[in-house]
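Report on the structure
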Amino acid sequence: MPVRVATLLILLFFSVLGLAGTAFAQDPVEPTTPAVEAPAESAPADVPADAVPVSGRLMNSGTPVPDATVTATDGSGTVAAETTSDADGRWQLQVSPGSYTFGIDESSLPDGTSVQGTVDRDIVAGRSNTVIFSFGEARTSIGTPLWERFVRTTIDGLRFGLIIAITAVGVSLIFGTTGLTNFSHGEMVTFGAVIAWMFNVKMGLHLIPASILAIIVGGAFGWAYNAGVWRPLRKRRTGLIAQLVVSIGLGISLRYLILIFYSDRSNPFNDYQGQVEHDWGPFSITNVNIACIVISTIVLIAVALMLQKTRIGKAMRAVADNRDLAASSGINVERIVTFVWVLGGALAALGGVLFALSELGGRVQWEMGFKLLLLMFAGITLGGLGTAYGALLGCIIVGLFVQWSTMLIDPDLKYVSALLILIIILIVRPQGILGSRQRIG
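Residues numbered from 1 in each chain as written. Predicted model: local features only at pLDDT ≥ 70, side-chain atom pairs only at ≥ 80, totals over all residues. Heavy atoms only, no water.

This part is about the overall build of the protein. Check the secondary structure of the protein and you find 12 helices and 12 strands. For the protein, the proportion of its 441 residues judged to be buried stands at 40%. Pairs at least 24 apart in sequence give 67% of the contacts found in the protein among residues at least 6 apart. With the model as given, the accessible surface of the protein reaches about 24100 Å², and the carbon-plus-sulfur share is 63%. (Helix = DSSP H or I, 4+ residues; strand = E, 2+ residues; numbered from the N terminus. Buried < 20%, exposed > 50% of the residue type's maximum accessible area, 1.4 Å probe, protein only. Contact = heavy atoms within 4.5 Å. Areas by Shrake-Rupley, 256 points an atom, 1.4 Å probe, with all protein chains shown as cover.)

The structure is reproduced here in structure tokens:
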């Protein structure tokens, strides 16, 4: 041990000595004068120190407006900032917080392009300051004839009613075959739209294949929802009131699960943004809205033919009319109920995508299905609970009344008319238009 310790001490000594020699062997460092820090670059004279960015995008009927001069004028009439839009119509300038009037130099606009005046904005630090200009000739409701407004709102009402019907048919069929009033169906609509958004935005698929995949996932969700929750409750012979309460609780839970894993913001699809309206006589419509009307009509006709012409459709109507009699005649009731849940989930997913495209400007919201739930129940109650044809008829009427109401009340309050319809129908004719002991559909 003493020999080992002595050896280690000797090696340590020579190591330290070698390091010291290397340090002393370095060249002496020449004394240098302290470096004088260069003055920081000052901001341009026309940009204030407390500048706040203001931005926007110039779009005329879906087409970017490049090389347009955008100015910001303060309260004294002095031009505080000026910029030019790029090839995509985007622009940005810097101004101090305060009130400004933003305008576009019309001489810098392309031929045939006009802007609808200026925009007054209060610019505040710490938030997104976006200015949106409107192009084309301004049209007010006062200048539009009443009959033309009626035609436009009627077309919008038919489109909206068809979309409500797509989502509500599943609720009606589920009620007809099981007696369950499913208050969580709105979250199935939101789920389908969110899944389509994930396939479209996160995975980069075009919206059409993304929607098809969302419909498949929505059908699978309907199957799992029935197998995991409602089939065990039916086997335990849980009462319909208890099942209704369970559906309310599950609806709230699913809504906030979507909020946690999705977002509280309205997120757009990657495709079919900035649609151009086609003026056809007294009304104008976009290609997306035309596609929504065509798809909804085709799907609803297919569902009607399935109910009338196919064996499973006839079995669904038999279960809806008399569950015990259908079971005694050899129909597998549980298999029919499972198919109804799959069909309801798929239609809910499709309805969610169409609702986002036509009513929400191509954006997906975490509570969009909950907003649509009242309209679904108003439609199926008006048409007759448990009948698919009644749901179709009732939803179209609700969609028309909702859009017609915008001619008299603020558009933000248009859904109140659906609640009014629901109350009146429950008082006057609780069974609905087509609701009766012998139902069709």
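Back to the text.
This part is about the pattern of salt bridges. As a working rule, side chains carrying opposite charge can pair if their charged atoms are close by. Tallied over the entire structure, the rule returns six salt bridges. A salt bridge links Arg159 to Asp156; the shortest N-O distance between them is 3.3 Å. Taken together, the residues Arg159 and Asp156, both in helix α2 (residues 146-178) and three residues apart, mark about one turn of the helix. Taking relative accessible area as the criterion, Arg159 reaches 6% and is therefore assigned buried. In this structure Asp156 comes out as partly exposed when scored by relative accessible area, which is 26%. The shortest N-O distance in the salt bridge between Arg323 and Glu334 comes to 3.7 Å. Here Arg323 is found in helix α8 (residues 323-328), whereas its partner Glu334 is found in helix α9 (residues 333-359), with 11 residues between them in sequence. Of the residues examined, Arg323 reaches a relative accessible area of 30% and is grouped as partly exposed. (Salt bridge = Lys/Arg side-chain N within 4 Å of Asp/Glu carboxyl O.)

Further remarks concern a nonpolar patch on the surface. A grouping of Met203, Leu205, Ile208, Ile212, Leu213, Ile216 and Tyr272 is seen on the molecular surface, where their side chains present a nonpolar patch of about 640 Å² in accessible area. Turning to its location among the elements, Met203 is positioned in the loop between α3 (185-202) and α4 (207-235). (Patch = residues over 30% accessible without salt bridge, like charges linked within 9 Å, V, L, I, M, F, W, Y side chains within 5 Å.)

What follows covers α9. It helps to recall that an α-helix has 3.6 residues per turn; residues three or four apart then point in one direction. The end-to-end C-alpha distance of α9 is 37 Å, a good match for the 39 Å that 27 residues give at a rise of 1.5 Å each. For α9, the tally of buried residues reaches 22 of 27 residues, placing the bulk of the element in the interior. (Expected span 1.5 Å × (residues − 1).)

Another point: the sheet that holds strand β4 (residues 69-73). As summarised here, the arrangement of the four strands in space is β5-β4-β7-β8, forming an open sheet in which the pairing is antiparallel. Each having just a single partner strand, β5 (79-84) and β8 (119-123) make up the two edges of the open sheet. In this sheet, neighbouring strand axes are inclined to one another by 25° on average, regardless of whether the strands run parallel or antiparallel. Note that β4 and strand β7 (residues 98-104) share four bridges and pair antiparallel. Paired with Thr71 across the strands is Gly103, a residue of β7. (Pairing = 2+ DSSP bridges. Axes fitted to C-alpha atoms, helices over the stretch in contact; angles between N-to-C directions.)

For the rest of this paragraph, the subject is the packing of aromatic side chains. Applying the stated criterion to the full structure yields 14 aromatic pairs. When the centroid spacing of 6.3 Å and the interplanar angle of 50° are considered together, the rings of Tyr100 and Phe102 count as tilted. When its relative accessible area of 0% is taken as the criterion, Phe102 is described as buried. Positioned over the ring face of Phe370 is Arg255, at 4.0 Å from the centre of the ring. (Phe/Tyr/Trp six-rings, centres within 6.5 Å; stacked < 30°, edge-to-face > 60°. Lys NZ or Arg CZ within 6 Å of the ring centre and 35° of its normal.)

Relative to the helices and strands, Asp271 is located in the loop between β9 (267-268) and β10 (277-280). As a C-alpha pair, Asp271 and His206 span 65 residues in sequence and 7.1 Å in three-dimensional space. The residues touching Asp271, leaving out its near neighbours within four places in the chain, are Asn200, Leu205, His206 and Leu207. A distance of 2.9 Å separates the side chain of Asp271 from the side chain of Asn200, its partner in a polar contact. (Polar contact = N/O pair within 3.5 Å; in protein donor to acceptor, adjacent residues only side chain to side chain.)

Turning to the packing of helix α6 (residues 287-309) against helix α11 (residues 388-404), a few remarks are in order. It is the contact of α6 with α11, at a shortest axis distance of 10 Å, that shows an interaxial angle of 155°. Relative to α11, the element α6 lies roughly antiparallel. As for how α6 packs across α11, the hand of that crossing is left-handed. Where α6 approaches α11, its residues Leu300, Ala304, Leu307 and Gln308 are matched on the opposing element by Ala388, Tyr389 and Leu392. Considered class by class, the residues forming the contact of α6 with α11 number six nonpolar, one polar and no charged. (Parallel < 35°, antiparallel > 145°, perpendicular 65-115°, else oblique. Left-handed = near helix turned anticlockwise from the far one by under 90°. Nonpolar A, V, L, I, M, F, W, Y, C, P; charged D, E, K, R; others polar.)

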